[in-house]
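Residue-level structural notes
Take a look at the letters that make up each chain.
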Amino acid sequence: MEKYQTPFESFIGAYYIDPKICDMVVEFFKKNWSKARPGMSYDNGVSSINKDKKESTELCISHTYFDQPFFQYRTALQSCLDEYIKTYNEAEACAHYDVESHYNLQHYAPGGGFKKWHHEATCKNSALRKLVFMTYLNDVPKGGTEFKYQNLTTPCKKGLTVIWPAEFTHTHRGVISKDKEKYIVTGWFRYD
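Residues numbered from 1 in each chain as written. Predicted model: local features only at pLDDT ≥ 70, side-chain atom pairs only at ≥ 80, totals over all residues. Heavy atoms only, no water.

1. Structural notes on empty space enclosed by the protein
Under the definition given, this model contains one cavity of 30 Å³ or more. Roughly 50 Å³ of volume is contained in the largest cavity. Lining the largest cavity, in full, are Tyr108, Ala109, Gly112, Val140, Gly143, Gly144, Val175, Ile176, Ser177, Lys180, Glu181 and Lys182. The leading source of residues in the lining of the largest cavity is strand β11 (residues 140-147), at three residues. Per-class residue counts for the lining of the largest cavity are five nonpolar, four polar and three charged. (1 Å grid on protein atoms, 1.4 Å probe; cavity = no way out; pocket = protein on both sides within 12 Å on 5 of 7 lines; lining within 4 Å. Points joined across faces, edges and corners; volume = space filled by probe spheres on them. Helix = DSSP H or I, 4+ residues; strand = E, 2+ residues; numbered from the N terminus. Nonpolar A, V, L, I, M, F, W, Y, C, P; charged D, E, K, R; others polar.)

Printed below as a string of structure tokens:
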């Protein structure tokens, strides 16, 4: 599996999946656009639509849904997780991982994105999240994800799948493009 080089000490792994899978996921999103909703963010355990913090359109996918293209996506995602655990083998010392109850397809229009610093385990409902995954589904020059404490920005390259710890140590935000739209798949692994 092709990797994108990130510093070992960052605990951020980055791997490429087949761009054809990305194209199929984007096509699925477009065909199901009528089921999408505005993206929500959380503050003190309360979810709300706040476009100053996060501006997106999202489609929620159940972790038990394996129709195409998600069987192919989840198979590729598992390969990325396997590579992550080979690098950070203590990550699987206690139990195996499973995708949390759902994950999200997200579309950011030009100027949209997750604009504010955040992390993924912020309240009781998200406390079981151990690792985050995110796959960029299209190329966005000068786009990506900025990690605050690692002083690292991962580029928005089609197929690049990034995995990192869900805790505050990996506070991050989107790099906003003023003229390009961005599609991603993102979700969380918890102990099975």
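Alright, that's what it looks like, and here's the rest.
2. Some details on the layout of surface pockets
In this structure, the largest pocket occupies an estimated 660 Å³ of space. Together, 34 residues line the largest pocket, and Lys54, Phe114, Glu120, Arg129 and Trp188 are the ones closest to its centre. Only β3 (41-43), β8 (102-108), β9 (113-114), β10 (129-136), β14 (172-175) and β15 (182-191) provide two or more residues apiece to the lining of the largest pocket. Of the residues contributing to the lining of the largest pocket, the split by class is ten nonpolar, 15 polar and nine charged.

3. Some words on helix α1 (residues 19-31)
With 13 residues, α1 should cover 18 Å at 1.5 Å per step; its first-to-last C-alpha distance of 19 Å lies within 8% of that length. Where α1 is buried, its residues meet β6 (57-62), α2 (70-87), β8, β10 and β15. (Expected span 1.5 Å × (residues − 1). Contact = heavy atoms within 4.5 Å.)

4. Digging into the side chain of lysine 53
Locating lysine 53 in the fold gives a position in the loop between β4 (46-48) and β5 (54-55). For lysine 53, a relative accessible area of 10% corresponds to the buried category. Apart from the residues lying within four places of it in its own chain, the contact partners of lysine 53 are Ser41, Tyr42, Asp43, Gly113, Phe114, Lys115 and Lys116. (Buried < 20%, exposed > 50% of the residue type's maximum accessible area, 1.4 Å probe, protein only.)

5. Here we look at the nonpolar core
By size, the foremost hydrophobic cluster in this structure holds 32 residues, and its most contacted members are Val25, Tyr73, Leu105, Phe133, Ile163, Val185 and Phe189. Where this core is concerned, the elements lending two or more residues are α1, β6, α2, β7 (97-99), β8, β10 and β15. Sorting elements by how many residues they give to this core places α2 first, with eight residues. In this structure, Ala14, Phe147, Leu152 and Ile184 belong to the second largest nonpolar core, which totals 18 residues. (Core = buried A, V, L, I, M, F, W, Y, C linked by side-chain atoms within 4.5 Å.)

6. A look at the packing of aromatic side chains
Aromatic ring pairs: the centre-centre distance and the angle between the two ring planes describe each pair. This model, assessed by the stated rule, comprises 15 aromatic pairs. Aromatic pair phenylalanine 28 and phenylalanine 70: ring centres 4.8 Å apart, planes at 90 degrees, arrangement edge-to-face. Residue phenylalanine 28 is found in helix α1, and its partner phenylalanine 70 is found in helix α2; the two are separated by 42 residues along the sequence. Like phenylalanine 28, the residue phenylalanine 70 is buried in the burial classification. Ring-pair connections join several aromatic residues into one group, and the members of that group are Phe28, Tyr65, Phe70, Tyr73, Tyr97, Tyr103, Phe133, Phe189 and Tyr191. Against the face of tryptophan 188 rests arginine 129, its NZ or CZ located 3.6 Å from the ring centre. (Phe/Tyr/Trp six-rings, centres within 6.5 Å; stacked < 30°, edge-to-face > 60°. Lys NZ or Arg CZ within 6 Å of the ring centre and 35° of its normal.)

7. Structural notes on the pattern of salt bridges
According to the stated counting rule, one finds eight salt bridges in the structure shown. Aspartate 98 serves as the salt-bridge partner of arginine 74, at 3.9 Å between the closest nitrogen and oxygen. Placement of arginine 74 in helix α2 and of aspartate 98 in strand β7 is noted, with a sequence separation of 24 residues between them. Glutamate 83 is the partner of lysine 86 in a salt bridge, and the nearest nitrogen-oxygen pair spans 3.2 Å. With lysine 86 and glutamate 83 both in helix α2, this residue pair falls three residues apart, about one helical turn. Taking the relative accessible area as the measure of exposure, lysine 86 reaches 61% and is therefore exposed. Among the ionic contacts, a cluster of salt bridges with common partners joins Arg37, Lys54 and Glu58. (Salt bridge = Lys/Arg side-chain N within 4 Å of Asp/Glu carboxyl O.)

Without other data, these values stay purely geometric and don't point to any function.
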